[in-house]
Each structure stands twice: as C-alpha cells, then as structure tokens.
Amino acid sequence: RLDKKAKNEYINEDLIWNLFIKITLGLAAIHKLKILHRDLKTLNIFLTKDLEVKIGDLGVAKILSHSGCFAKTLIGTPYYLSPELCEEKPYNYKSDIWALGCILYELCTFKHPFNAKSQGGLILKILESEPEPLGNNYSNDLQKLVNNIFEKNMEKRPFCQDILKSSV
C-alpha cells in the first residue's frame, strides 16, 4: 500500500513519476468507463511486488450517464476533498484529479497537503491555502504538476489525459 510511511527519507523522483503515471493511467481507465472513484487515497492504491499499481475500493464510486454530468453527494475522505466538495458544489472527474494530486504530494512529502485539527479547519485550509512546496529533493516539473493539480478552480484543473501528455 502507498500509505506506508518511511521516516526521514524521500522517494526517488523517477520512482514517483513511475508510480504516479501508473496510478493516473488506472484512473484514466476508470474515468473512460464514466466512473467517478470518489474515494481515491493512498489507502486505496495497492502495489504488487513488481510495483504494478492496482486501484481498489470502488465501493462509493458513481457511474455518470455522460462525461458532462456532475454528481452532488458528499463522499470521500476529508484529507482528499476537493474545493468543490468542500463547498458542497456539483463535482465531476476533476475531484478525483484533486485526490490524485494529494496522493502525488504524499509520495513526495509523506504528509497530507492540507492538514488541520478539525474537519472545519481542514476545509478552510483546502479552500484558502496552498500546500507547502515539495522541497529541494524534487524537480520544478514535479512542483509545477502539483501546482496545476491543486488548482482551486475545477474547470482549470487538468484531466488524466492532460497529465499524461505533460508527463511523457
């Protein structure tokens, strides 16, 4: 599982890109089937011993009738909630992208991009602040991708295909 924490270490950037692209390809396949995962998080990303990626726990997934549809129910783990979910606005695939960004950030830092002592405080941080920069261990390209994914405006956030095109 990707939620296992290493102390005082960081993951090599090449490995992060490798895992992140595999996770993004898996999410793209789910989205192609018009399915929102709605609970994408490190606990639901599984690795084989050969570092193959499996996305699990589709128990709260939702099938959209077409790609322009929006869902309206509040689902997901608080640390991975997108701004639109925090504001109880309709959401789409871009909310899964936000959660994907949280996973990428955690791979780089071993911590959540937004953290607070209460759910209300967490929601305020998601809505009003930016995560700390990744640090000197990682490239500007990786930091730029994190910034693009954490775009507060859902319409400006990339789709899986955009991320994959820019990461190749």
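The rules behind these values
Residues numbered from 1 in each chain as written. Predicted model: local features only at pLDDT ≥ 70, side-chain atom pairs only at ≥ 80, totals over all residues. Heavy atoms only, no water. pLDDT = per-residue confidence, 0-100. Contact = heavy atoms within 4.5 Å. Axes fitted to C-alpha atoms, helices over the stretch in contact; angles between N-to-C directions. Helix = DSSP H or I, 4+ residues; strand = E, 2+ residues; numbered from the N terminus. Left-handed = near helix turned anticlockwise from the far one by under 90°. Nonpolar A, V, L, I, M, F, W, Y, C, P; charged D, E, K, R; others polar. Expected span 1.5 Å × (residues − 1). Buried < 20%, exposed > 50% of the residue type's maximum accessible area, 1.4 Å probe, protein only. Polar contact = N/O pair within 3.5 Å; in protein donor to acceptor, adjacent residues only side chain to side chain. Phe/Tyr/Trp six-rings, centres within 6.5 Å; stacked < 30°, edge-to-face > 60°. Lys NZ or Arg CZ within 6 Å of the ring centre and 35° of its normal. Salt bridge = Lys/Arg side-chain N within 4 Å of Asp/Glu carboxyl O.

**Brief notes about the confidence of the model for the protein chain**
Alright, step 1. For the protein chain, the mean per-residue pLDDT works out to 86, and 83% of the residues sit at or above 70.
Alright, step 2. In the predicted structure, residues 68-75 sits below a pLDDT of 50 and forms 27 contacts with residues beyond four places in sequence or in another chain.

**Some points on the packing of helix α3 (residues 93-109) against helix α5 (residues 140-149)**
Alright, step 1. Closest axis-to-axis distance for the α3/α5 pair is 9 Å, and the angle between their directions is 145°. Handedness of the α3/α5 crossing: left-handed. Side by side, α3 and α5 meet where Ile97, Trp98, Gly101, Leu104, Tyr105 and Cys108 of the first sit next to Leu142, Leu145, Val146 and Ile149 of the second.
Alright, step 2. Each residue belonging to the contact of α3 with α5 can be placed in one class, and the counts come to 9 nonpolar, 1 polar and no charged.

**Regarding helix α1 (residues 13-32)**
Alright, step 1. Here α1 contains 20 residues, and its C-alpha end-to-end distance of 28 Å stays within 8% of the 28 Å for a straight helix at 1.5 Å per residue.
Alright, step 2. Residues of α1 that are buried: Glu13, Ile16, Trp17, Leu19, Phe20, Ile23, Thr24, Leu27, Ala28, Ile30 and His31.
Alright, step 3. Against β1 (35-36), β2 (45-47), β3 (53-55), α3, α5 and α6 (160-167) lie the buried residues of α1.
Alright, step 4. The N-terminus of α1 is capped by Asn12, whose side-chain oxygen sits 2.7 Å from the backbone nitrogen of Asp14.
Alright, step 5. Where α1 ends, the next residue or the one after it, Lys34, has phi of about 65°, a positive value.

**So, the packing of aromatic side chains**
Alright, step 1. Within this structure, the stated rule accounts for 5 aromatic pairs.
Alright, step 2. When the ring of Trp98 is compared with that of Phe114, the centres are 5.8 Å apart and the planes differ by 15°; the resulting orientation is stacked. Remark: Phe114 occurs in the loop between α3 and α4 (119-128) and Trp98 occurs in helix α3; sequence separation between them is 16 residues.
Alright, step 3. For Phe114, a relative accessible area of 1% gives the class buried.
Alright, step 4. Three or more aromatic residues joined by ring pairs form one cluster here, namely Trp98, Tyr105, Phe114 and Phe150.
Alright, step 5. If you follow Lys94 out to its NZ or CZ, it ends over the ring of Phe159, 4.2 Å from the centre.

**Side note on the pattern of salt bridges**
Two side chains with opposite charge may pair up if their charged atoms get near one another.
Alright, step 1. Tallying each qualifying case throughout the model produces 5 salt bridges.
Alright, step 2. One salt bridge connects Lys41 with Asp39, and the closest N-O pair in it is separated by 3.6 Å.
Alright, step 3. Residue classification places Asp39 among the buried residues on the basis of a relative accessible area of 12%.
Alright, step 4. Among the salt bridges present, the one from Lys89 reaches Glu87, with a minimum N-O distance of 3.1 Å.
Alright, step 5. Assessed through its relative accessible area of 44%, Lys89 is described here as partly exposed.

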